[in-house]
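Chain and residue survey
Spelled out, the chains give:
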Amino acid sequence: MKQAKFLSFEGIDGCGKSTQAKMLNQHYLDQGKDVVFSREPGGSPGAEAIRGLLLTGNTDKWTAETELLLFTAARRDHLETTIEPALASGKMVICDRFADSTRVYQGATRGDLRSKVDLLHTTMIGREPDLTIIIDVEPEVALKRGLARNTGEDRFEDFGLKFQESLRVGFLKLAEEYPLRCQLVDGNRPTEEVFKDVLALAQL
Ligand code: TMP
């Protein structure tokens, strides 16, 4: 079996993907593997600074177009300073969100910007994970969980339930668009059960 080198986790807010990504990271660390755990927006000092701009404040703080530029700028910095050096030195990278979040949030839900998202991705990023695990959860449950965390980074949760429902549709469509790379996992189950599926998928 081949091991995925660059894995991303995706899903709506509060779906449990961060928990699963951390569990997979710990699993690999326990096996003595060289793995870098990262997240988006963020994952490098520059991108973490942009994260603060994007995730705090009112819902109308940025337009979808400006968000697209800021998320792409953060991703470029993350790629240059964290992801590419790690992969080049033979490490694995597990990333909590990557370009699929932009495709769904800015490309299909916040705005109808998919062609602009694709153009920027091709010219400025140009890399896909080997495997993307999408944790699919009922939006109502996920939103409650997301807001209960009280992180102060709730700008996207504050768009409300309808927004989370259309994000879910967006991620389901994405799984159809990229059937080999994107794998759906039913997240409406106990964490350990979900993790069994994650682990099985992580072996390409
Ligand atoms: P999270 O760290 O809790 O997943 O929060 C990140 C938020 O940013 C989440 O609501 C999704 C959103 N987001 C986008 O809208 N576009 C993107 O490209 C990325 C990476 C995240």
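What comes next concerns the included structure.

Rules used in this analysis
- Residues numbered from 1 in each chain as written.
- Predicted model: local features only at pLDDT ≥ 70, side-chain atom pairs only at ≥ 80, totals over all residues.
- Heavy atoms only, no water.
- Pairing = 2+ DSSP bridges.
- Helix = DSSP H or I, 4+ residues; strand = E, 2+ residues; numbered from the N terminus.
- Axes fitted to C-alpha atoms, helices over the stretch in contact; angles between N-to-C directions.
- Near = heavy atom within 4 Å.
- Polar contact = N/O pair within 3.5 Å; in protein donor to acceptor, adjacent residues only side chain to side chain.
- Areas by Shrake-Rupley, 256 points an atom, 1.4 Å probe, with all protein chains shown as cover.
- Core = buried A, V, L, I, M, F, W, Y, C linked by side-chain atoms within 4.5 Å.
- Buried < 20%, exposed > 50% of the residue type's maximum accessible area, 1.4 Å probe, protein only.
- Contact = heavy atoms within 4.5 Å.
- Expected span 1.5 Å × (residues − 1).
- Phe/Tyr/Trp six-rings, centres within 6.5 Å; stacked < 30°, edge-to-face > 60°.

This brings us to the sheet that holds strand E5 (residues 182-186). In space, the 5 strands of this open sheet follow the order E2-E3-E1-E4-E5, with parallel pairing throughout. Each edge of the sheet is formed by a strand with only one pairing partner; in this case those strands are strand E2 (35-39) and E5. The sheet shows a mean angle of 20° between the axes of neighbouring strands, direction not considered. Of the strand pairs in this sheet, strand E4 (residues 131-136) and E5 are connected by 5 bridges, and their pairing is parallel. Bridging from a neighbouring strand, Asp-136 pairs with Asp-186 of E5.

For the rest of this paragraph, the subject is the site of the ligand. Asp-13, Arg-51, Arg-97, Thr-102 and Gln-106 are the nearest of the 14 residues found near the ligand. A distance of 2.9 Å separates an oxygen atom of the ligand from a polar atom in the side chain of Arg-51. In this structure, Arg-97 approaches the ligand through a side-chain N or O atom, which is 2.7 Å from an oxygen atom. Coverage of the ligand by the protein amounts to 93% of the 480 Å² it exposes when considered alone. Secondary structure elements with two or more residues in the shell around the ligand: helix H2 (45-55), helix H3 (64-88) and helix H4 (99-109).

A word on the nonpolar core. Among the nonpolar cores identified, the biggest contains 38 residues, and Leu-24, Ile-135 and Val-198 are the most heavily contacted of them. Apart from residues lying up to four places away in sequence, Val-198 is in contact with Phe-9, Gln-20, Leu-24, Ile-133 and Ile-135. Of all hydrophobic cores here, the second largest spans 10 residues; its members include Leu-79, Ala-86, Leu-87 and Cys-95.

The next subject is unusual backbone geometry. A cis amide bond, omega -10°, links Glu-40 with the succeeding residue Pro-41. By the element assignment, Pro-41 lies in the loop between E2 and H2. Of note in the backbone geometry, Arg-97 takes a positive phi value of approximately 80° without being a glycine. Within the fold, Arg-97 resides in the loop between strand E3 (92-96) and H4.

As a further point, take the side chain of Gln-164. Mapped onto the elements of the fold, Gln-164 is located in helix H7 (residues 161-177). Setting aside chain neighbours within four positions, we find Gln-164 in contact with Ile-12, Asp-13, Pro-139, Leu-143, Phe-156 and Glu-157.

As a further point, take helix H1 (residues 17-30). Two residues of an α-helix separated by three or four positions point the same way, owing to the 3.6 residues in each turn. Counted at 1.5 Å a residue, the expected span for H1 with its 14 residues is 20 Å, and the 20 Å between its end C-alpha atoms agrees. Restricting attention to buried positions, one finds in H1 the residues Lys-17, Gln-20, Ala-21, Met-23, Leu-24, Asn-25 and Tyr-28. Buried positions along H1 lie against strand E1 (6-10), E2, E3, E4 and helix H8 (191-202). Two residues or fewer past H1, Gly-32 is found with a positive phi of approximately 80°.

Another aspect to go through is the packing of aromatic side chains. According to the stated counting rule, one finds 7 aromatic pairs in the structure shown. Measuring from ring centre to ring centre gives 6.1 Å for Tyr-105 and Phe-163, while their planes differ by 65°; the resulting arrangement is edge-to-face. With a gap of 58 residues between them, Tyr-105 in helix H4 and Phe-163 in helix H7 connect regions that are remote in the sequence. In terms of burial, Tyr-105 and Phe-163 fall into one category: buried.

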